[in-house]
Amino acid sequence: MMSMMVLRGGVDMEGFKTKSRVAIVVAVSMWIGLAGLYGLLKPISNGCAMTYMYPTYIPISTPENVSSVKYGLYLYHEGWRKIDFDDHLKKLNGIPVLFIPGNGGSYKQVRSLGAESDRAYQGGPLDWNFYGSSPNLEGGVDIDLNDISLPSRYASMLDWFAVDLEGEHSAMDGQILQEHSEYVVYAIHRILDQYKESRDARAKEGASVSGSLPKSVILVGHSMGGFVARAAVVHPHLRKFSVETILTLSTPHQYPPVALQPSLGHYYTHVNQAWRKGYEVETSQAGLYMSDPPLSHVVIVSISGGYNDYQVRSKLESLDGIVPPTHGFMMSSTGMKNVWLSMEHQVILWCNQLVVQVSHTLLSLIDTKTSQPFSDAHQRLGIFTKMLHSGIPQNFFAPRPLQQPKKSDHFPIQKGKVIHAPHVPAISGCPSNSQWSEDGLERDLYIQTSTVTVLAMDGRRRWLDIQKLGPGGKKHFVFVTNLSPCSGVRLHLWRERGTSASATNKGVVEVTTKMVHIPSGPAPRQIEPGSQTEQAPPSAVFWLGPEDMYGFRFITISVAPQPTVSGRPPPAASMGVGQFFNPKDGEQVFSPYKLIHSLFTDKDDNLKEDHPLTLNLTFSVSLGLLPVSLSLITTGCGIKKSEFPIEDTEDVETSRLCRRRCFPPVALAWDATSGLHVFPNLYSETIVVDSSPALWTSSHASDKTTVLLLVDPHCSYRTTAGVPLTAAAGRFLLLYFSQISGLCFAVAFFALMRQAYAWELDRPIPSVLSAVESNLRMPSPFFFLATFPILFAVLFCSLSSKSLPPIISFSIVSILCYIFANGVIVVLILLSQLLFYMAGTSHVFIKKRLQVCEGSFCFSFFQWFINMSSNFASIKVIRILRVNHLIITSLVAIALVCLVHPTLGLFVLLLSHALHCHGALCSFFMASFRSHVQTSEFYESGNNGDSDTSNLSPINETCTGSPESTRSYGETQLEIFHHHHGLLVLHLLAALMFVPSLVAWLQRTGIGQRFPWFWDSALCIGVILHGLCDSKPEFNFYLFPIPRIPLLEIRLSFAYLIAGYFSSISALALAPYRVFYAMSVIGIASFTFRVIQTRYRKNGETYYRSRKHSHRH
């Protein structure tokens, strides 16, 4: 007895641990989901200015020989005056640009780009500044941006066309995506033909005809419209050289935003493969050169919206592996010149800062000599780079190693003198037309400290001795200012002290143009003339490394005199701060432990005066996954007795006083995926980058984030850093939604594996929830199921040419996604089980109430209805349908899959599973009720143990662990419920994968439908065969007879295990749609085995195993 109690206690403890484990998984999953949704649904402030326009849309007629009238083509016209459409089309002579809307978009979204392009053409090019604007291009790009000249006037205007795609959801269905690309090909040809028709009409009327006809169309696509543009370029029916330039806005190039439908993933793979081949040089079989790559003339630029674009991440918008860097690049709007903003998915179409820059960029592509876009691909790529890139290179954020030139390049400094060396850095000086006068400079200032400050435009030149101020490792010099380069401030390197910095002085090199522009944010307003204001935010940063200053003795900072404007207050206080510093003094590394700990407790630190101007912060976990909320509170500002106690730093007067002396901090974050992110006026801000760390395809560089803080060294601060929980949860859901979707299938497959394995061992089939609980046991089942796909991914990268992902973060995040997927499946199981139990209980209750009401009028009517139904069911056709209900279900489901839509066929399969679950559960409830009634009647009869009660003992009836025992009817029905419930969960996930496609299909109802794609239909037929052929638990073995080979036995549990691993690997590869391969293969194998079984059954042979023990009625 004692041993039985101990055993039962151990079992109870094990059950408690299992349920606790599942409860923790569900709690964590629900917390991440709810916190993430809260963080994603919070309103976003993007800082974009609105674009205004007066739109007119001119329809382009369709030729009579074209039967397609489903979509439309329009020409945009800007202006409030009413125009004659035909007359306007006759005057068409600009550069054609075709706008392609995205998922659910409208052709009217072209209005912002069309309006600003018209204003840009009328107003002329932007005022050119003298900031450094030649970023380092990727390896293999042989383009000197100094040779790329921008026009002083625009040679031709842009004619904006737009395709009307009826607002269809192209991101949800591969067939819609293909139809859109086919129509865009037609639209390109129609546009080029329209220019010829317009020219002929003008010539026919005797009007002057000049210039050449356009030979190509510039494509601008938003969201999925950008991918449609790429698909049109590789379409076999497109005229050669009719597209040479593509600009995409928030377009997913690598994968679909949500890769759920198989045909959508296949179409992406097909188009991307065609682009890869399009840039390969064509050679003969002998390896001899035959011709240039087919796409050698095509240049493509992808612009992402940054971290505020929740629909498409920058990782998906990258062109890596699709387009070589010699023909395209991807950049984020956060690092885009004159923009510097992150924006939502739709905002990128009307954000005025971005639309203006894009309009001027496209106008700059036009050659002033030919009035047509440049034919040279490198010329067009160079213009895109010069017009869009910020000019801040990646190595600007990394501590620069000391790279001493060779001894032959320079001579050493001896006795305070520098021997002139022949080497002079190749840096272009300020142009001669910039306003500057050396005579206007007053007396020189000689700086004796490592930090120099410019508080006003005083017209003085400040001398800094490199040899004197740069010892002790302070080999770097940084200068932060809000003064304009060339006209407000100039910087020079001197080999020896002199008086003139003219170009004729060979010992002086001007380095002003090495300044790089950063967004300054709003300038403070001055209330009264002459009153002291807050310091203006910096607008430029200048950095010299030891390799830049080698061979020079002095740096000079020349400031122009104060401009006077009559009747107006002077501008905000001018500012400039320079410093010699050692980058290691400002380095700080945030380890993963610190970042995770800051999820719960913010990290405070004090930054005292005379600190380095630049603080290099390295976050070991990407800020794309764990955004950091950074706050800087001024505690002192360099005035005597201004070092306030910590508890008084919130005082308004203190903050106002110090903001007059300290320039606002600026944070520059660099991410390997999305590039530069700038956060001006950083007093309190959440720093986040649009990175995609811890993925199979991620590089080690994407696993970290470098942040460069520019902070006034004259002031002291209290810094607070922490990771917001909601922001981190939101980024987790955004980055790994596709991964979690595929892992949910893996969890379902592993649960079915447990059920099949129990059947094979002649054990009771566990419930789906119990199967998931078993797979979460530590350490063996959990790590065996969760870590094997990760090891496979790492091994695959090691054996192939692909680079290894960051193993630690990749493993941790993948396991966390697997745990989250388990939580999602558990919630789905509980909800569906609750519905079935409620429906079953209601069914049994109603049936019992009808039995109680036997003899009443209602019961007589119900009995009559049952008899009529029985008579109807006795009809031969109905009897055949009832006996062969699986065949009827399969025929209906397959017909819907092939002729209507795959989702409808999957819904029929789900209905079949639901009916089986409901019937089995009701039978279990009725059997339990009868057993309970019989037991109660036995004890109420007064039997005190004289009779044999062994047949009614509950312990004996439910005991199924003994090999000699048989299962009751109720237990068997419960096992059937568990079996069908597991299949229902798996196929419910499959149906949900096709629901977005169904939504897009319903939108197109009545406007001409095509049959579903063959690939989608074929895979869904396999899923249906799996659901119907494995609908009975006794069919749990595959036995394939092979000639001269013993009977091959493949257990279904093993097949489910392989399918689960395949689903996990597909999820890690961001291709969850591939799970349909596993389901269809199992379904086809099941169907094949059933055919083999039927064939051999006719010959008196049996090639399947039934269960050893049957139930007892």
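Chemist: So, the overall build of the protein chain: which residues are in play, and what are the values?
Modeler: Regarding its fold elements, the protein chain presents 26 helices and 35 strands. Within the protein chain, buried positions represent 53% of all 1113 residues. Carbon and sulfur atoms form 59% of the exposed surface of the protein chain, whose accessible area is close to 51,800 Å².

Chemist: Which residues make up helix H14 (residues 725–760), and what values do they have?
Modeler: Owing to its 3.6 residues per turn, the α-helix aligns residues three or four sequence positions apart on the same side. For H14, built from 36 residues, the straight-helix expectation of 52 Å at 1.5 Å per residue is missed by more than 12%, its first-to-last C-alpha distance being only 46 Å. Considering bend angle alone, the principal kink of H14 is centred on Tyr 736 and spans about 65°. Asp 762 lies just past H14 and shows a positive phi near 60°.

Chemist: Break down the sheet that holds strand S4 (residues 158–164) for me, citing the residues and quoting the values.
Modeler: One key point about sheets: their strands pair by backbone hydrogen bonds, in either a parallel or an antiparallel sense. Strand order across the open sheet formed by 8 strands is S1-S2-S4-S3-S5-S6-S9-S10, with mixed pairing between neighbours. With partners counted over all chains shown, the strands left at the sheet margins are strand S1 (55–59) and strand S10 (328–332), one partner each. Direction aside, the axes of adjacent strands within the sheet are offset by 25° on average. The pairing of strand S3 (residues 95–100) with strand S5 (residues 218–222) spans 4 bridges and is classified as parallel. Along S5, the bridge assignment pairs Val 97 with Ile 218. Across the sheet, helix H5 (residues 224–233) is in contact with S3, S5, strand S6 (245–249) and strand S9 (299–304); its angle to S5 comes to roughly 140°.

Chemist: Before we move on, can you summarise the environment of Glu 166 with the specific residues and values?
Modeler: Inspection of the secondary structure assignment puts Glu 166 in the loop between S4 and helix H4 (174–204). When the C-alpha atoms of Glu 166 and Tyr 107 are compared, they prove to be 8.5 Å apart, with 59 residues separating the residues in sequence.

Chemist: Which residues make up the sheet that holds strand S23 (residues 587–590), and what values do they have?
Modeler: One open sheet accounts for 5 strands, arranged S23-S25-S30-S27-S28; its pairing is mixed. Because the sheet does not close on itself, it has two edges, and the strands there are S23 and strand S28 (675–679). Pairwise comparison of adjacent strand axes, ignoring direction, gives a mean angle of 20° for this sheet. Judged from the 5 bridges that link them, strand S27 (residues 666–671) and strand S30 (residues 705–710) form a sheet pairing that is antiparallel. For Leu 668, the partnering residue across the bridge sits in S30 and is Leu 708.

Chemist: Hey, could you go over the side chain of Thr 719 for me, with residue numbers and the actual values?
Modeler: Considering the arrangement of structural elements, one finds Thr 719 in strand S31 (residues 716–722). Take Thr 719: its relative accessible area is 18%, and that puts it in the buried class. Residue contacts for Thr 719: discarding those within four places in its chain leaves Lys 603, Asp 604, Asp 605, Ser 631 and Leu 632.

Chemist: Mind laying out a nonpolar patch on the surface, listing which residues take part and the relevant values?
Modeler: Together, Trp 31, Ile 596, Phe 600 and Leu 725 line one region of the surface with nonpolar side chains, adding up to about 440 Å² of accessible area. If you trace the backbone, Leu 725 turns up in helix H14.

Chemist: Explain the pattern of salt bridges to me, and be specific about the residues and the numbers.
Modeler: Opposite charge on two side chains allows them to pair when their charged atoms are near. Throughout the structure, instances matching the rule amount to 14 salt bridges. Glu 78 is the partner of Arg 119 in a salt bridge, and the nearest nitrogen-oxygen pair spans 3.9 Å. With Arg 119 in helix H3 (residues 111–123) and Glu 78 in strand S2 (residues 72–78), this pair connects stretches of sequence that are 41 residues apart. Owing to a relative accessible area of 15%, Glu 78 belongs among the buried residues under this scheme.

Chemist: Can you tell me about the packing of H14 against helix H15 (residues 768–775), naming the residues and giving the values?
Modeler: Running from N to C, H14 and H15 cross one another at 105°; their axes reach a closest spacing of 8 Å. Here H14 lies roughly perpendicular to H15, going by the angle between them. On the side of H14, the interface is formed by Val 747, Phe 750, Ala 751, Met 753, Arg 754 and Gln 755, while H15 contributes Val 768, Ala 771, Val 772, Ser 774 and Asn 775. Taken together, the residues of the contact of H14 with H15 sort by class into 7 nonpolar, 3 polar and 1 charged.

Chemist: Break down the state of the cysteines for me, with residues and values.
Modeler: What the rule picks out here adds up to 2 disulfides. Across the disulfide, Cys 48 is cross-linked to Cys 351 (sulfur-sulfur distance 2.2 Å). Residues Cys 48 and Cys 351 are joined by a disulfide whose S-S torsion is about -85°; by sign, that bridge is left-handed. Of this pair, Cys 48 sits in the loop between helix H1 (2–41) and S1 while Cys 351 sits in the loop between S10 and helix H8 (352–364), and the two are 303 residues apart along the sequence. Looking at Cys 48, the relative accessible area reads 16%, which means it is buried.

Chemist: Explain the pairing of S3 to me, using residue names and the numbers behind them.
Modeler: Most of S3 sits out of view: 6 of its 6 residues are buried. Of the two faces of S3, the one lined by Ile 95, Val 97 and Phe 99 and the one lined by Pro 96, Leu 98 and Ile 100 are each fully buried.

Chemist: Describe in detail the packing of aromatic side chains, supporting the description with residues and values.
Modeler: Taken as a whole, this structure holds 34 aromatic pairs when the rule is applied. With a centroid separation of 5.8 Å and an interplanar angle of 65°, the aromatic rings of Tyr 57 and Tyr 76 are classed as edge-to-face. Here Tyr 76 lies in strand S2 and Tyr 57 lies in strand S1, a separation of 19 residues in the sequence. Classification of Tyr 57 by relative accessible area gives buried; the value is 18%. Among the residues examined, Tyr 76 registers a relative accessible area of 7% and is labelled buried.

Chemist: Break down the nonpolar core for me, citing the residues and quoting the values.
Modeler: Residues Ile 687, Phe 732, Tyr 736, Tyr 1056, Phe 1076 and Met 1079 are the most contacted members of the largest nonpolar core, which totals 126 residues. If you tally residues by element for this core, the top one is H14, at 19 residues. The contacts of Tyr 1056, once residues within four sequence positions are left out, are Phe 749, Leu 752, Met 753, Ala 756, Leu 983, His 1026, Asp 1030 and Ile 1082. Counting residues in hydrophobic clusters, the runner-up holds 50 residues, among them Val 97, Leu 158, Val 355 and Met 387.

Cut-offs applied
Residues numbered from 1 in each chain as written. Predicted model: local features only at pLDDT ≥ 70, side-chain atom pairs only at ≥ 80, totals over all residues. Heavy atoms only, no water. Helix = DSSP H or I, 4+ residues; strand = E, 2+ residues; numbered from the N terminus. Buried < 20%, exposed > 50% of the residue type's maximum accessible area, 1.4 Å probe, protein only. Areas by Shrake-Rupley, 256 points an atom, 1.4 Å probe, with all protein chains shown as cover. Expected span 1.5 Å × (residues − 1). Bend = angle between axes of the 7 residues up to and from the residue. Pairing = 2+ DSSP bridges. Axes fitted to C-alpha atoms, helices over the stretch in contact; angles between N-to-C directions. Contact = heavy atoms within 4.5 Å. Patch = residues over 30% accessible without salt bridge, like charges linked within 9 Å, V, L, I, M, F, W, Y side chains within 5 Å. Salt bridge = Lys/Arg side-chain N within 4 Å of Asp/Glu carboxyl O. Parallel < 35°, antiparallel > 145°, perpendicular 65-115°, else oblique. Nonpolar A, V, L, I, M, F, W, Y, C, P; charged D, E, K, R; others polar. Disulfide = S-S within 2.5 Å. Phe/Tyr/Trp six-rings, centres within 6.5 Å; stacked < 30°, edge-to-face > 60°. Core = buried A, V, L, I, M, F, W, Y, C linked by side-chain atoms within 4.5 Å.

The values are spatial; any link to function lies outside them.
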